[in-house]
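# Analysis of the macromolecular model
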Amino acid sequence: MSYLEHSHKSVPSGFSKVLYLNWALVLLLVAAAAFGFLMLYSIAGGSMTPWVEPQLKRFVFGMFLMLVVAMVPIWFWRNMAGLAFGISILLLLAVDFFGTVNMGAQRWIDLGFMRLQPSELTKITLVMILAAYYDWLDIRKTSRPLWVLIPVLLILLPVFLVLKQPDLGTAILLLGGGGIMMFLAGVSWIYFAAVFTLAGGLVTAVFVSRGTPWQLIKDYQFKRIDTFLDPGSDPLGAGYNITQAKIALGSGGWSGRGFMQGTQTRLNFLPEKQTDFIFTTLAEEFGFVGAFSLLMIYGAIVVFCVASAMKTKDRFASLLILGVGATFFLYFSVNMLMVMGLAPVVGVPLPLVSYGGSAMLVLLVAFGLVQSAHIHRPR
Amino acid sequence: MKRSPRDTEESARKISRRGLILAAGQAGVFALLGLRMRQLQIKEAAQFRLLAEENRINIRLIPPTRGLIFDRNGEVIADNEQNYRVVIVREDAGDVDQVLERLSQLIPLAPEAIDRAKAEIKKRSAFVPVQVADRLSWNEISAVAVNAPALPGVSPEVGLSRIYPHGPDMAHIAGYVGPVSDYDLSRLEDQDPVLQIPEFQIGKTGVEAKLERTLRGQAGTKRIEVNAVGRVMRELDRDPGVPGADLQLTIDNDLQNYVQARLDGESAAVVVTDVETGDLLAMGSAPSFDPNKFVRGISSADYSLLTSNKYRPLANKTAQGTYPPGSTFKMVTALAALEEGLVTPEETIYCRGYIELGKRRFHCWKRSGHGQMNLHDGIAQSCDVYYYELAQRVGIEKITAMARRMGLGIRHPVPISAVAKGLTPTKDWKKEHRGSDWVVGDTLNSAIGQGFVLASPLQLSVMTARLASGRAIEPRLIKSVNGVEVESAPPDGLGLNENNLRMIRRAMFAVSNTRRGTAFRSRIIDEAYQMAGKTGTSQVRNITMEERRQGIFRDEDLPWERRDHALFVNFAPFKAPKIAVSVVVEHGGGGSVAAAPIARDVTLYALTGGLPPLEAYPQRDRPRIQREQSELPLVPRENSSKASRA
């Protein structure tokens, strides 16, 4: 209970908290989302429907949620971490029973007013529980095997459930996010070295398993890896997405083809352009200038998180903020690496920009936590 | 659980340190992303822009409008007709079956056509128009247009298709067009991408085929924007291309029509050549066929009817058919002898009906013999023995040289299909092709246009024109291209002694104007039109001893395929020649009986520009001629299209 050691007097209270929000971060989030609205408007051929309107509503709702979360003291959220994680695991299990099949994978739970993707929720609750765990754990025990095993299990449980769906993208994000949390908490380098060695072995095993009865990943995932390694091998089939995405990106050039003038987008050469591949539309229509601007906004968001984490002396808060920042970073970097042909195609949306409710709401809630930590940091 | 402030401090330091390491790693990835963007969007942008353009822009060909073909007076021979079609677009039609059902109540649609359309619709994307019906009448297309609301997705379209208004008359000259076949693609050294258009048609025979590039023009292009599934979004720009050039033939359509009508019922060919210019005024080949059937896709029943006909309607007998010229060749032999000074016009040779050469006996057509024959009588009465004698004096090489000078044995560059070279034999030729030595008997046969000699009606007409003019007339079929007269150098002189030529011409005049002439029965009494000609009867095969035993002595008793070919060549008017005519009636029997009357009538028509006036015929022939004229299957003249076109 680290806050007990600090004076609560210096923490703002009541509505004055609003003044202590990290407004720059709020503005950056709005700016990133604005890119999304603009691109969704363009992709719809200059129409608010079918994407901009729901996306806008969800963003407003998400911002509201962010404020609510931000107003609540951070120590409350720390105490809630275990519950939140438990709920998200239950929801992941529920997907297996009540989930709606979408694009060949079970990912959604229909809540009536929106479709919730528990795997998105898990990304943030995993960060929360790990931050709380390391806040609780005596720092000297951090690298002891037993105390390393617990967070590893906490990470692998949702990863396993998500892979069952199957959702390789989210699994990678969870694995990456969890790993980063452990790294930040100060787990010894030796473990990471061991894991990377093991991972190397596992990758080999995955490839060896291809075509055998105990095949570890699905055929389409193998296909994506093949395609990533050589997109030209099947330009009209599996490599089509990557090839067309690169064409869209490259043809944008320095300043782009102009708003609503992207031919790759407008003529449907781009796949899933309102979700995972939305960055290609941005790059095509606004060129390097537009694409790099979004990258800069994303970068600034991460920088603000790191700076905010550095300011707070609270272990939970700084771990949480860095964890959220790192998860956010993983989101956009994996997405961009993917659409730019540097990583295999895994289903990872571009945060705040891609069309989709769960990811946006969860991210905004996560930033609510960051804001809460920012407001309630000990001074 | 309590924690010492020192612990907290240390943990914060550790987090900061690890946070910074993480930040450094993120900065690295960040830099990687930025560099990748720079690489794709700045360094390789031009290349990707090109790929994006290739993605979205399709180039479609616009077929050029085919040039028209006119006769020498501006009458349309080959026209482009508006062709009404009906197409259906699946995505607009909704229930395709129902729409087609309704459509079939408005226009005649065969069940096979409906099935074909349905199969095509299934195969193509939903937005691709599929043709349902073709060549609809104006009434039918109107019915479709009026009922448009009940026929969603159905739209009338208009295209151009070839039509030959004069049907069979011009079939062998103009030829016809048809869809491009794989065979065409392999045969033609033609890389024009327009040939790949599914419904594009190219010339298959005749002028249509020979002057294909001129008539075709150049395809235009339009650049269109398409989306990922190939739907056309908009047209970006277009280059209209160059329409095909219009051609004007030297053929006179009215004369051609008369010739075809006059040849009705025969297997025959007539060529009328302008003696001064070489213009081919008529090239009649009978029987003929309707080229329009080929344009629309001829049924196999119709096609086998054409191919099984023993009169060979598909063959263009004027240029493609070669026949032993028979006695019409005698002018060549005579001219060769005169030019070589091996005979004088006055010199007489005695004809006793045959000559003997070694053990072989060569007969004159007149078994009883002609008696004393000079050059003039030798032509007028067509005495074979006279030429047997000349042949031995002159030799085959000189005769052949003269024949080629007269335009025989040469492939004339007339732009129609399968122009034959004919044959004017030499000793070397026989050695090479027959593997045996030339014998004097071969020379004798050749001298009277039998044996190996072969000539087409076109060549015979050219020969006659050269005899009449004394100049190296070249046959010409194309008068103008896009209104620009085809320049041709005035023909050179043949370099022959004019006195000799005059001698020949006078003898030819005697053929059809003196009582003893072989074509006296086909004389013209009006001096303004009088012709000079020569009959020819070429043996297809000798009557065998076996047949003689069976009582067959006369040609008429033989089956049609083995009867003699009847030939006649002439020029007219005798005093100032304008036209040269050649007539070949396949297996028609004697030239004087079967061919000369045709030549006479055609000559009169060509010179008078209309049905031959009865006054031109001998008095007693007139009732018969009048009856014949009234029975001619002539196409009534239309003047409507004449004035407005060309």
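Residues numbered from 1 in each chain as written. Chains lettered and ligands numbered in written order. Predicted model: local features only at pLDDT ≥ 70, side-chain atom pairs only at ≥ 80, totals over all residues. Heavy atoms only, no water.

Across its full length, chain B carries 25 helices and 23 strands. Against the compact-globule benchmark of 26 Å for 646 residues, chain B has a radius of gyration of 37 Å, which places it well outside the compact range. Along the three orthogonal principal directions, the C-alpha set of chain B runs to about 155 × 55 × 50 Å. Taking all 646 residues of chain B together, 52% fall into the buried category. (Helix = DSSP H or I, 4+ residues; strand = E, 2+ residues; numbered from the N terminus. Rg over C-alpha atoms; globule rule 2.2 N^0.38 Å. Buried < 20%, exposed > 50% of the residue type's maximum accessible area, 1.4 Å probe, protein only.)

Quick look at the side chain of A:His376 now. Tracing the chain through its elements places A:His376 in the segment after helix H13 (357-375). A polar contact of 3.1 Å, which involves the side chain of A:His376, links it to the side chain of A:Lys17. (Polar contact = N/O pair within 3.5 Å; in protein donor to acceptor, adjacent residues only side chain to side chain.)

Attention now moves to the pattern of salt bridges. Applying the stated criterion across every chain yields a total of 40 salt bridges over all chains. Salt-bridge contacts for B:Arg223 lead to B:Asp237; the nearest nitrogen and oxygen are separated by 3.2 Å. Here B:Asp237 lies in strand E10 (residues 232-239) and B:Arg223 lies in strand E9 (residues 220-226), a separation of 14 residues in the sequence. The partly exposed category is assigned to B:Arg223, whose relative accessible area is 30%. Among the salt bridges present, the one from B:Asp621 reaches B:Arg624, with a minimum N-O distance of 3.5 Å. With relative accessibility at 8%, the residue B:Asp621 sits in the buried group. Assessed through its relative accessible area of 32%, B:Arg624 is described here as partly exposed. Because the salt bridges share partners, they merge into one network encompassing A:Arg257, A:Arg266, B:Glu53, B:Arg56, B:Glu225 and B:Arg234. (Salt bridge = Lys/Arg side-chain N within 4 Å of Asp/Glu carboxyl O.)

Backbone hydrogen bonds are what pair the strands of a sheet, in a parallel or an antiparallel way. Residue and element names in this part refer to chain B. Strand order in this open sheet of five strands is E14-E13-E23-E22-E21, and the pairing throughout is antiparallel. A strand with exactly one partner marks an edge of an open sheet, and here the two such strands are strand E14 (280-286) and strand E21 (532-538). Neighbour-to-neighbour, the strand axes of this sheet turn through a mean angle of 5°, independent of strand direction. Pairing between E21 and strand E22 (residues 565-572): seven bridges, direction antiparallel. Within E22, the residue paired with Thr 537 across the bridge is Ala 566. Helix-sheet contacts for helix H20 (residues 457-469) involve strand E13 (268-274), E14, E22 and strand E23 (579-585), and the interaxial angle to E23 is about 145°. (Pairing = 2+ DSSP bridges. Axes fitted to C-alpha atoms, helices over the stretch in contact; angles between N-to-C directions. Contact = heavy atoms within 4.5 Å.)

With that out of the way, let us pick up the confidence of the model for chain B. With 95% of its residues at a pLDDT of 70 or more, chain B shows a mean pLDDT of 88. The low-confidence segment residues 639-646 of chain B, where pLDDT is below 50, has 13 contacts with residues more than four positions distant or belonging to other chains. (pLDDT = per-residue confidence, 0-100.)

This part takes up helix H23 (residues 591-608) of chain B. Given a rise of 1.5 Å per residue, 18 residues ought to cover 26 Å, and the 24 Å separating the end C-alpha atoms of H23(B) matches this to within 8%. Backbone geometry just after H23(B) places B:Gly609 at a positive phi near 75°. (Expected span 1.5 Å × (residues − 1).)

We now examine the state of the cysteines. Residues and elements named next belong to chain B. Applying the stated criterion across every chain yields a total of zero disulfides over all chains. Of all cysteine sulfurs in the structure, the one in Cys 351 sits closest to Cys 383, which takes part in no disulfide; the separation is 3.6 Å. Assessed through its relative accessible area of 0%, Cys 383 is described here as buried. (Disulfide = S-S within 2.5 Å.)

Attention shifts here to the interface of chain A and chain B. A common way to report how large an interface is uses the accessible area buried once the components associate. On the side of chain B, 41 residues touch chain A, which itself brings 61 residues to the contact. With both sides pooled, the region where chain A packs onto chain B buries about 4400 Å², and carbon together with sulfur makes up 67% of that total. A salt bridge links B:Glu225 to A:Arg266, with the nearest nitrogen and oxygen atoms 3.7 Å apart. For the pair chain A and chain B, the number of links is nine residue pairs in polar contact (both at pLDDT 80 or more). Listed by contribution, the elements that provide at least two residues to the side of chain A that touches chain B are helix H4 (118-136), helix H6 (168-185), helix H7 (189-209), helix H9 (240-252), helix H10 (263-266), helix H11 (278-311) and helix H12 (315-339) of chain A. (Buried area = accessible area lost by both parts, 1.4 Å probe.)

Counted according to the given criterion, the structure contains 29 aromatic pairs over all chains. A ring pair is formed by A:Tyr133 and A:Tyr134, whose centres lie 4.9 Å apart and whose planes are at 80°; its orientation type is edge-to-face. Neither residue differs from the other here; A:Tyr133 and A:Tyr134 are each classed as buried. With a centroid separation of 5.9 Å and 50° between ring planes, the pair formed by B:Trp438 and B:Phe452 is classed as tilted. Residue B:Trp438 is located in the loop between helix H18 (427-434) and helix H19 (440-447), and its partner B:Phe452 is located in the loop between H19 and H20; the two are separated by 14 residues in the primary sequence. Both residues of the pair, B:Trp438 and B:Phe452, count as buried. Grouping aromatic residues by their ring pairs yields a cluster made of A:Tyr298, A:Phe328, A:Phe329, A:Phe332 and A:Phe367. The residue whose ring lies beneath B:Arg18 is A:Trp189, and the NZ or CZ to ring-centre distance is 5.2 Å. (Phe/Tyr/Trp six-rings, centres within 6.5 Å; stacked < 30°, edge-to-face > 60°. Lys NZ or Arg CZ within 6 Å of the ring centre and 35° of its normal.)

Now for the nonpolar core. One recurring pattern in soluble globular proteins is that nonpolar side chains are buried together. The biggest cluster of nonpolar side chains holds 117 residues, and the ones touching the most others in it are A:Phe279, A:Leu294, A:Tyr298, A:Phe332, A:Met336 and A:Phe367. With residues up to four places along the chain from it excluded, the contact list for A:Met336 reads A:Phe279, A:Leu294, A:Leu295, A:Tyr298, A:Leu350, B:Leu33 and B:Met37. Counting residues in hydrophobic clusters, the runner-up holds 92 residues, among them B:Leu263, B:Leu335, B:Cys364 and B:Ala468. (Core = buried A, V, L, I, M, F, W, Y, C linked by side-chain atoms within 4.5 Å.)

Here we come to the sheet that holds E10(B). All names here are of chain B. Overall, antiparallel pairing links the three strands, which are arranged E1-E9-E10 in an open sheet. Where the open sheet ends on each side, the last strands, each with one partner, are strand E1 (57-62) and E10. Going across the sheet, the axis of each strand differs from the next one's by a mean of 30°, ignoring polarity. Sheet topology places E1 next to E9; six bridges connect them, and they run antiparallel. Across the sheet, Ile 62 pairs through a bridge with Gly 220, a residue of E9. Strands E1, E9 and E10 of the sheet are contacted by helix H2 (residues 45-56), whose axis makes an angle of about 45° with E1.

Residues and elements named next belong to chain B. A cluster of like positive charges, contributed by Lys 210, Arg 404, Arg 411 and Lys 421, occupies part of the molecular surface. Here Lys 210 is to be found in helix H9 (residues 206-210). By relative accessible area, which is 48% here, Lys 210 ends up partly exposed. (Patch = residues over 30% accessible without salt bridge, like charges linked within 9 Å, V, L, I, M, F, W, Y side chains within 5 Å. Areas by Shrake-Rupley, 256 points an atom, 1.4 Å probe, with all protein chains shown as cover. Lys, Arg positive; Asp, Glu negative; His and termini not counted. Charge placed at Lys NZ, Arg CZ, Asp CG, Glu CD.)

It is worth spelling out the pairing of strand E3 (residues 76-89) of chain B at this point. Residue and element names in this part refer to chain B. Judged by how many residues are buried, E3 sits mostly within the fold: 12 of 14 residues are covered. As paired strands, strand E2 (residues 69-70) and E3 are joined by two bridges and run antiparallel to one another. Bridging across to E3, Ile 69 finds its partner in Ala 78. Once E2 ends, the chain turns through five residues before running back antiparallel as E3, passing Gly 74 with a positive phi of about 90°. Pairing between E3 and strand E5 (residues 154-163): 10 bridges, direction antiparallel. Among the inter-strand pairings, Arg 85 is bridged to a residue of E5, identified as Glu 157.

Once that is clear, we can look at the pairing of E23(B). Residues and elements named next belong to chain B. Across the seven residues that make up E23, a large majority, seven, are buried. Judged by which residues are buried, E23 turns out to be covered on both faces: Ile 579, Val 581, Val 583 and Val 585 on one side and Ala 580, Ser 582 and Val 584 on the other are all buried. Relative to E23, E13 runs antiparallel, the two being bridged by seven bridges. From the neighbouring strand, Val 270 faces E23, where its bridge partner is Val 583. Bridge count for E22 against E23 is seven bridges, and the pairing is antiparallel. From the neighbouring strand, Val 569 faces E23, where its bridge partner is Ser 582. Between E22 and E23, which pair antiparallel one after the other, the connecting turn spans six residues.

A contiguous nonpolar patch, built from A:Leu202, A:Val208, A:Trp214 and A:Leu216 and spanning about 430 Å² of accessible area, is present on the exposed surface. As for its placement among the helices and strands, A:Val208 is situated in helix H7.

To continue, consider the side chain of B:His172. All names here are of chain B. Considering the arrangement of structural elements, one finds His 172 in helix H7 (residues 171-174). His 172 sits in the buried class, given a relative accessible area of 8%. Polar contacts involving the side chain of His 172 include one to the main-chain carbonyl oxygen of Pro 313, which spans 2.7 Å. Not counting the four nearest positions on each side in its chain, His 172 is found in contact with Gly 206, Ser 285, Pro 287, Ser 288, Phe 289, Pro 313, Leu 314, Ala 315, Asn 316 and Ile 416.

Of note, the amide linkage connecting B:Ala286 to B:Pro287 takes the cis form, showing an omega dihedral of -5°. On the secondary structure map, B:Pro287 appears in the loop between E14 and helix H12 (291-295). Phi at A:Met260 is positive, roughly 65°, even though this residue is not glycine. Counting through the fold element by element, A:Met260 comes out in the loop between H9 and H10.

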